[in-house]
Amino acid sequence: MNTLHLVFNRLGLKSCERLKSEGDKVILIGDGVYQQQSDLAGFDSHKVFTLEEDYLARGLKDDKNQRLISYNQMVELCIECAPIVSWHE
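Fair warning: this is a prediction, and the values are worked out from it, not measured in the lab.

Draft legend 1. Examining the overall build of the chain more closely. A count of helices and strands for the chain gives 3 helices and 5 strands. Listed by position from the N terminus, the elements making up the chain come as β-α-β-β-α-β-α-β. What you see for the chain is a C-alpha radius of gyration of 12 Å, in line with the 12 Å of a compact globule of 89 residues. Judged by the C-alpha coordinates and their principal axes, the chain covers about 35 × 25 × 20 Å. By residue count, 40% of the 89 residues in the chain fall in the buried class. Summing over all exposed atoms, the chain offers an accessible surface of approximately 5400 Å²; the carbon and sulfur share of this is 48%.

Draft legend 2. Broad picture of the packing of aromatic side chains. Under the counting rule described, the total for this entry stands at 0 aromatic pairs. The ring of Phe43 has Lys20 lying over it, and the distance from NZ or CZ to the ring centre is 5.0 Å.

Draft legend 3. Inspection of unusual backbone geometry at higher detail. At the junction of Ala82 and Pro83, the peptide bond is cis and its omega measures out at -5 degrees in the coordinates. Tracing the backbone shows Pro83 in the loop between helix H3 (71–80) and strand E5 (84–87).

Draft legend 4. Up close: the sheet that holds strand E3 (residues 48–51). Taken in spatial order, the 5 strands line up as E4-E3-E2-E1-E5 in an open sheet, and their pairing is parallel. Edge positions in the sheet fall to strand E4 (68–69) and E5, since each has one partner strand and no second.

Reading guide: rules and limits
Residues numbered from 1 in each chain as written. Predicted model: local features only at pLDDT ≥ 70, side-chain atom pairs only at ≥ 80, totals over all residues. Heavy atoms only, no water. Helix = DSSP H or I, 4+ residues; strand = E, 2+ residues; numbered from the N terminus. Rg over C-alpha atoms; globule rule 2.2 N^0.38 Å. Buried < 20%, exposed > 50% of the residue type's maximum accessible area, 1.4 Å probe, protein only. Areas by Shrake-Rupley, 256 points an atom, 1.4 Å probe, with all protein chains shown as cover. Phe/Tyr/Trp six-rings, centres within 6.5 Å; stacked < 30°, edge-to-face > 60°. Lys NZ or Arg CZ within 6 Å of the ring centre and 35° of its normal. Pairing = 2+ DSSP bridges.

This is the structure:
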């Protein structure tokens, strides 16, 4: 199984980028949703997801290039992946 990375902020994204492996999936959650607008060149865009509720709660505009997912879809990714790593710093 591949690792699922839950990224909560900019520092978490930097740590995740250094330690993730090919095939891993990433969910931007909480304040991590702001990183969707960052340079994600080191990430496979098909494996980076943004939690829709957190994204919209922060007043960010819906962007068709986003891979917005619901809580239910996040749970599905949690079931598919192991381990699950949270990145706060």
